[in-house]
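# Overview (structure and organization)
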Amino acid sequence: MAYPPRECPECRGIFTPLDQRQLFCSVEHRTAWSNRATVRGRVLTLYAMAARQTREGTRGDKATGKRAAQIRNGLMQRYRDEDREAGRMDAVRFAALRIKHGFEPI
Ligand SMILES: [Zn+2]
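Conventions adopted
Residues numbered from 1 in each chain as written. Predicted model: local features only at pLDDT ≥ 70, side-chain atom pairs only at ≥ 80, totals over all residues. Heavy atoms only, no water. Patch = residues over 30% accessible without salt bridge, like charges linked within 9 Å, V, L, I, M, F, W, Y side chains within 5 Å. Areas by Shrake-Rupley, 256 points an atom, 1.4 Å probe, with all protein chains shown as cover. Salt bridge = Lys/Arg side-chain N within 4 Å of Asp/Glu carboxyl O. Lys, Arg positive; Asp, Glu negative; His and termini not counted. Charge placed at Lys NZ, Arg CZ, Asp CG, Glu CD. Helix = DSSP H or I, 4+ residues; strand = E, 2+ residues; numbered from the N terminus. Donors = N, O, S within 2.8 Å, 3.2 Å for Na, K, Ca; no water. Tetrahedral: all angles 85-135°; square planar, octahedral: opposite > 155°, others 65-115°. Buried < 20%, exposed > 50% of the residue type's maximum accessible area, 1.4 Å probe, protein only. Expected span 1.5 Å × (residues − 1). Bend = angle between axes of the 7 residues up to and from the residue. Contact = heavy atoms within 4.5 Å.

### Quick word on a positive patch on the surface
A contiguous patch of positive charge on the surface is contributed by R52, R55, R59, K62 and K66. Mapped onto the fold, R59 is located in the loop between α1 (27-53) and α2 (62-86).

### Regarding the coordination of the zinc ion
Looking at the zinc ion, the protein donor atoms are C8 (SG), C11 (SG), C25 (SG) and H29 (ND1), and they sit 2.0 to 2.4 Å from it. Because the angles between the four donor atoms bound to the zinc ion fall within 96 to 123 degrees, the donor set is best described as tetrahedral. Sequence positions of the residues that donate to the zinc ion give the spacing C-x2-C-x13-C-x3-H. Pair noted here: C8 is in the loop between β1 (6-7) and β2 (14-15) and H29 is in helix α1, with a separation of 21 residues, a long-range link. Judged by relative accessible area, which is 0%, C8 ranks as buried.

### As for α1
Two residues of an α-helix separated by three or four positions point the same way, owing to the 3.6 residues in each turn. For α1, which comprises 27 residues, the first-to-last C-alpha distance of 37 Å matches the rise-based estimate of 39 Å (1.5 Å per residue) to within 8%. Largest kink in α1: about 35 degrees, centred on L44. By the burial criterion, the buried members of α1 are W33, R36, R40, L44 and A51. Buried-residue contacts for α1 involve α2 and α3 (91-100).

Next comes the structure, spelled out in structure tokens:
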């Protein structure tokens, strides 16, 4: 059974998936995407959580929360710019792709 062609988030090439849950055209592109997401997540998660837990620096340790939010926003801007420069799929489209194909966390 053939699945409809789809776009690889890493290279934006169109490929025919071998199963419904295949999101990348190749193991190399899946690994590249995953490794980059792991590195980004390790850095970003701490600041995103601190910003959220202080409601963007309006609760609790406001100074740390505000700075955490600035750092988080700067990192996300950098990641977006890097993805655009490299021709990769943006985060909104990738999230939509994952949700569509049943990859929601938890
Ligand atoms: Zn690819």
